[in-house]
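Okay, here's what each chain looks like letter by letter:
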Amino acid sequence: MNLAAKLRARAAEGRPVRVGLIGAGKFGSMFLSQVRTTVGMHLMGIADLSAARAKDALANTGWPVDDALATDFDDARRTGRTVITEDAEALIKADGIEVIVDATGSPAAGLRHALLAIAERRHIVMVTVEADVLAGPLVARKAAEAGVVYAAAYGDQPALVCEMVDWAQTCGFQVVAAGKGTKYLPAYHASTPDDVWRNIGLTPEQAAIGGMNPQMFNSFVDGTKSSIEMAAISNATGLKAPRDGLLFPPCGVDDLPTILRPRDAGGLLEEAGQVEVVSSLERDGRPVFRDLRWGVYVVIEADPSARGDYARRCFREYGMATDPSGRYTALYRPYHMIGLELGISVAAAALRNEATGTPIGFFSDAVAVAKKDLSPGEMLDGEGGYTVWGRIMRAEDSLARGALPIGLAHKVRLTRPIARGEVVGWADVEIGDSDTVRLRREMERQFAAPASSRSAAA
């Protein structure tokens, strides 16, 4: 609760937190709109594949571009202005940079930038959650060894859920479930870029005006993004993935503590301590009453023994919505502000050396599942495409199955037929060597549980 005061102190000392942004797309632009007015924070540089796009992003988010741009990094450091570059490595290595934000959306680029930042002893805020799920546990370990922070991006749902889980555990509650809401129907798993605007509720013309990428937005519709985000939360908190994938139960905010209880207590969860996503639609397409489509939640349990009677009584006295037993209740946040809130991660890393969520282990994975019957020779097209969607899976199950991470299921060729709904494996594709593949394989080796442990877990 003192980040703003600490930033003001840094400003008064003439040494603002200097940050570099890589990627000037939607998320990056949302950060740009707020860092401009954040006292004690200096956007020293923006790196983007298109310098013109980065300049447009500044103009579109209220920057006085003609006065804001520096000629080089030395000039930026002296004047408080901002450099635009197409060289991300130069930005990471620039003298004075404390925090690097990766908002590229590319898992390979995100991991490459994270490793460069760690080598330069820069804190890294990873907006690209696809990179985090692909190899984040290993990158977080490397960051800790280097004495820098590797953080989930505050404002995006995984970091907000991690904060809620931390709050609950600090208050002494057991976390029963945590996650987010979304718009979901079972048929959406087969959604393609051709279907996406109809499923979202936009016309193609509206999407074009908004500059929306159909494949990227389809990854939200077909369940991929939900699985990736829940895997990131699992890896940062230790909460478990559902064995059979996310259930996406229709659920409004008042019903969270009733529906998201363990099965033996009358709910839908396999067990307490899981991630889950709730749908804003009933299965027949009707809207859920008081839905949580844009928000996040945590379901907590008071001590189930008689010693928890006092806490349960407090739940009632202070108007908390509970399940019929009074044991379970929930807190939720109806909205998340995405990149508008990203400064929290930057400030926490630079001023407290703390991450707004970071992997503590490899507990969950997001793997490729066929959207349709696929034939040998077909080329997979990754998240939100026509061929596969991403499903959450417990890490030990993913490793035992040899499942192909959804983050690597792009531009790889199938070597055997895959039926609709089948998990695609490493052995089912031709995949070349790359830094990203080697990093993922290194993580699998370092975090793989012994076979006996996997058997016991199953």
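Nothing here was measured: the structure is a model prediction, and the numbers come from that model.

Per the secondary structure count, the protein chain includes 19 helices and 15 strands. The C-alpha atoms of the protein chain give 22 Å as radius of gyration, which agrees with the globular expectation for 458 residues (23 Å, within 12%). Summarising its shape, the C-alpha atoms of the protein chain cover approximately 65 × 60 × 50 Å along the three principal directions. Each of the 458 residues in the protein chain was classed as buried or not, and the buried ones make up 54%. Of the roughly 19400 Å² that the protein chain leaves accessible, carbon and sulfur atoms contribute 51%. For the protein chain, the separation between the mean place of its 51 positive charges and that of its 57 negative charges on side chains is 2 Å.

Counting residues in hydrophobic clusters, the biggest one holds 77 residues, and the most contacted among them are Ile100, Tyr150, Leu380, Val388, Leu404 and Val424. Of all the elements, helix α8 (residues 129–146) adds the most residues to this core, at 10 residues. Leaving out residues up to four positions away in the same chain, Leu404 has contacts with Ala366, Val367, Ala368, Leu380, Ala409, Val412, Val424, Gly425, Trp426, Val429 and Ile431. Formed by 31 residues, the second largest nonpolar core is a distinct cluster that contains Trp63, Val101, Leu342 and Ala350.

Before going further, it helps to examine the sheet that holds strand β4 (residues 99–102). Strands sit in the order β3-β2-β1-β4-β5-β6 across an open sheet of six strands; the sheet is parallel. Of all the strands in the sheet, the pair left with one neighbour each is β3 (83–85) and β6 (150–152). In this sheet, neighbouring strand axes are inclined to one another by 25° on average, regardless of whether the strands run parallel or antiparallel. When strand β5 (residues 123–126) meets β6, the two strands line up parallel, connected through three bridges. Within β6, the position partnered with Ile124 by the bridge is Tyr150.

Where helix α7 (residues 107–119) contacts α8, the axes come no closer than 10 Å and their chain directions differ by 5°. Our classification of the angle between α7 and α8 gives roughly parallel. Every residue of α8 that contacts α7 at Pro107, Gly110, Leu111, Ala114, Leu115 and Ile118 is listed here: Glu130, Ala131, Leu134, Ala135, Val139, Lys142, Ala143 and Ala146. Here the contact of α7 with α8 is composed, by residue class, of 11 nonpolar, one polar and two charged.

We now examine the sheet that holds strand β12 (residues 379–381). Taken together, the three strands give an open sheet; going across it, the order is β12-β14-β15, and neighbouring strands pair in antiparallel fashion. Strands with a single pairing partner mark the edges of an open sheet, and in this sheet they are β12 and β15 (429–430). Judged from the two bridges that link them, β12 and strand β14 (residues 410–414) form a sheet pairing that is antiparallel. Note on β14: the bridge partner recorded for Asp381 is His410.

Attention now moves to the packing of aromatic side chains. Under the criterion given, the structure shown has five aromatic pairs. Arranged with centres 3.9 Å apart and planes meeting at 10°, the rings of Tyr184 and Phe248 form a pair that is stacked. Of the two residues, Tyr184 is situated in the loop between β7 (174–182) and α10 (196–200) and Phe248 in the loop between α13 (224–237) and α14 (256–259); the sequence distance between them amounts to 64 residues. Of the two residues examined, Tyr184 and Phe248, each falls in the buried class. Ring geometry for Phe217 against Phe220: centres 6.2 Å apart, planes inclined by 40°, an arrangement best described as tilted. Of this pair, Phe217 and Phe220 both sit in helix α12 (residues 214–221), separated by three residues, roughly a single helical turn. Seen from the ring of Phe447, Arg141 lies directly overhead, with NZ or CZ sitting 4.2 Å from the centre. A cation over a ring is seen here: Arg441 above Trp426, with NZ or CZ 3.6 Å from the ring centre.

This brings us to the confidence of the model for the protein chain. Summary statistics for the protein chain give a mean pLDDT of 95 and a share of 97% for residues scoring 70 or more. Low pLDDT, under 50, characterises residues 451–458; the predicted model gives this stretch seven contacts beyond four residues in sequence or across chains.

Attention shifts here to the side chain of Ser33. Tracing the backbone through its elements, the reader meets Ser33 in helix α2 (residues 26–35). One polar contact links Ser33 to Gln34, side chain to side chain, over a distance of 3.2 Å. Dropping the residues within four chain positions of it, Ser33 is found in contact with Thr61 and Leu340.

The rules behind the values
- Residues numbered from 1 in each chain as written.
- Predicted model: local features only at pLDDT ≥ 70, side-chain atom pairs only at ≥ 80, totals over all residues.
- Heavy atoms only, no water.
- Helix = DSSP H or I, 4+ residues; strand = E, 2+ residues; numbered from the N terminus.
- Rg over C-alpha atoms; globule rule 2.2 N^0.38 Å.
- Buried < 20%, exposed > 50% of the residue type's maximum accessible area, 1.4 Å probe, protein only.
- Areas by Shrake-Rupley, 256 points an atom, 1.4 Å probe, with all protein chains shown as cover.
- Lys, Arg positive; Asp, Glu negative; His and termini not counted.
- Charge placed at Lys NZ, Arg CZ, Asp CG, Glu CD.
- Core = buried A, V, L, I, M, F, W, Y, C linked by side-chain atoms within 4.5 Å.
- Contact = heavy atoms within 4.5 Å.
- Pairing = 2+ DSSP bridges.
- Axes fitted to C-alpha atoms, helices over the stretch in contact; angles between N-to-C directions.
- Parallel < 35°, antiparallel > 145°, perpendicular 65-115°, else oblique.
- Nonpolar A, V, L, I, M, F, W, Y, C, P; charged D, E, K, R; others polar.
- Phe/Tyr/Trp six-rings, centres within 6.5 Å; stacked < 30°, edge-to-face > 60°.
- Lys NZ or Arg CZ within 6 Å of the ring centre and 35° of its normal.
- pLDDT = per-residue confidence, 0-100.
- Polar contact = N/O pair within 3.5 Å; in protein donor to acceptor, adjacent residues only side chain to side chain.

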